[in-house]
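# Examining the three-dimensional arrangement
Chain by chain, the residues:
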Amino acid sequence: MTLAVVGCTGNSRGNSDGPDRVAPATPDAIHEERPGEVANQKAEEPGEDKNQIVIDNFSFKPSKLTITAGTKVTWVNRDDVPHTATSTTKPRVIDSKTLDTDERYSQVFRTPGTYAYFCALHPKMTGEIIVK
Ligand SMILES: [Cu+2]
């Protein structure tokens, strides 16, 4: 796939209110990647899958996820272009950095509520976390 397909990235930066500027990655994100290790899928922890949101083909799947307070949600980018998961309102509970292919971002939700988010690079991509 070529970059030409993306199309909308060029003008989406100028009027954003700054989702590009994020704090340094959490330590979590760092030791997840080990270039030396290969191929074998490491065993997924039970129960992790159902709270995983896969980003693929310019959408969040599932786009709506209902969880209980205290649950960790992980976004993983399976698309071949970068995406983010970014709260649509402030304060930004969800605020991933740009996720390249196969990168992931996790967030624990401790407070009940509805958390709408979108991709800062492709604002048409939206999703919602409902915390009970
Ligand atoms: Cu995107």
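Residues numbered from 1 in each chain as written. Predicted model: local features only at pLDDT ≥ 70, side-chain atom pairs only at ≥ 80, totals over all residues. Heavy atoms only, no water.

## Some points on the overall build of the protein chain
This is how it is decided: Counting from the N terminus, the helices are DSSP H or I runs at least four residues long and the strands are E runs at least two residues long. Only protein chains enter the area calculation, which uses a 1.4 Å probe; residues under 20% of their type maximum are buried, those over 50% are exposed, and those in between are partly exposed. The contact definition used throughout considers only heavy atoms, calling two residues in contact when any of these lie within 4.5 Å. For the accessible areas, the method is Shrake-Rupley and the probe is 1.4 Å, while residue cover comes only from the protein chains on display.
The number of helices and strands found in the protein chain is one helix and eight strands. Taken over 132 residues, the protein chain has a buried fraction of 32%. Taking all contacts inside the protein chain whose residues are at least 6 apart in sequence as the whole, residues at least 24 apart take part in 56%. Counting only carbon and sulfur atoms, one obtains 51% of the accessible surface of the protein chain, whose full area is about 8,500 Å².

## Re the sheet that holds strand β5 (residues 86-87)
Stated formally: Strands are treated as partners if at least two bridges between them are detected by DSSP.
The strand order β3-β8-β7-β5 describes an open sheet built from four strands, whose pairing is mixed. The open sheet has two free edges, formed respectively by β3 (64-67) and β5, since each of these has just one partner strand. Here β3 runs beside strand β8 (residues 126-131); their pairing, made up of four bridges, is parallel. In the strand pairing of β8, lysine 64 is matched with glutamate 128.

## As for the sheet that holds strand β6 (residues 104-109)
What counts, and what does not: Lines are fitted to the C-alpha atoms to define the axes, a helix being fitted only along its stretch in contact, and any angle between axes, read from their N-to-C directions, falls within 0 to 180 degrees.
Taking strand neighbours across the sheet as the criterion, the four strands line up as β2-β1-β4-β6 in an open arrangement whose pairing is mixed. A single partner strand is all that each edge strand has here, and the edge strands are β2 (59-61) and β6. Along the sheet, successive strands turn relative to each other by an average axial angle of 20 degrees, direction set aside. Judged from the six bridges that link them, strand β4 (residues 71-77) and β6 form a sheet pairing that is antiparallel. When the bridges of β6 are listed, tryptophan 75 appears paired with tyrosine 105.

## Regarding the nonpolar core
Stated formally: In these notes, a set of buried Ala, Val, Leu, Ile, Met, Phe, Trp, Tyr and Cys residues joined through side-chain atoms within 4.5 Å is what counts as a nonpolar core.
In terms of nonpolar packing, the biggest core is built from 19 residues, with Phe60, Trp75, Ile94, Phe109 and Ile129 touching the most fellow members. Those residues in contact with phenylalanine 60 that lie beyond four places of it in its chain are Ile53, Val54, Ile55, Trp75, Thr84, Ala85, Tyr117, Phe118, Cys119, Met125, Thr126 and Gly127.

## Re the pattern of salt bridges
Worth spelling out the cut-off: Between Lys or Arg on one side and Asp or Glu on the other, a salt bridge is scored when a side-chain nitrogen of the former is within 4 Å of a carboxyl oxygen of the latter.
The full count for this structure, using the stated rule, is three salt bridges. Between lysine 97 and glutamate 103 there is a salt bridge whose closest N-O contact spans 3.6 Å.

## Quick word on the packing of aromatic side chains
Spelled out, the test is: Centres within 6.5 Å make a pair out of two Phe, Tyr or Trp rings, where for Trp the six-membered ring is used; the pair is then stacked when the planes are under 30 degrees apart, edge-to-face when over 60, and tilted otherwise.
Applying the stated criterion to the full structure yields five aromatic pairs. An aromatic cluster of at least three residues, connected via ring pairs, comprises Phe60, Trp75, Tyr105, Phe109, Tyr115 and Tyr117.

## Looking at the confidence of the model for the protein chain
Here is the rule: Within a predicted model, pLDDT stands for the predictor's per-residue confidence, ranging from 0 to 100.
Per-residue confidence for the protein chain averages 80 on the pLDDT scale, and 63% of its residues sit at or above 70. Low confidence marks residues 10-14, where pLDDT is under 50. Its contacts with residues over four positions away, or in another chain, come to four contacts. Below pLDDT 50 for its whole length, residues 37-41 participates in zero contacts with residues either more than four positions away or in separate chains.

## Re unusual backbone geometry
In this chain, lysine 61 is followed by proline 62 through a cis amide linkage whose omega measures -5 degrees. One can find proline 62 in the loop between β2 and β3. Following lysine 90, the chain continues into proline 91 via a peptide bond in cis, with omega recorded as 0 degrees. Phi is positive for phenylalanine 58, close to 60 degrees, though the residue is something other than glycine. The residue phenylalanine 58 is located in the loop between β1 (52-56) and β2 in this model.

## Description of the pairing of β8
Sheet topology places strand β7 (residues 113-118) next to β8; six bridges connect them, and they run antiparallel. Residue pairing across strands places tyrosine 115 opposite isoleucine 129, the latter belonging to β8.

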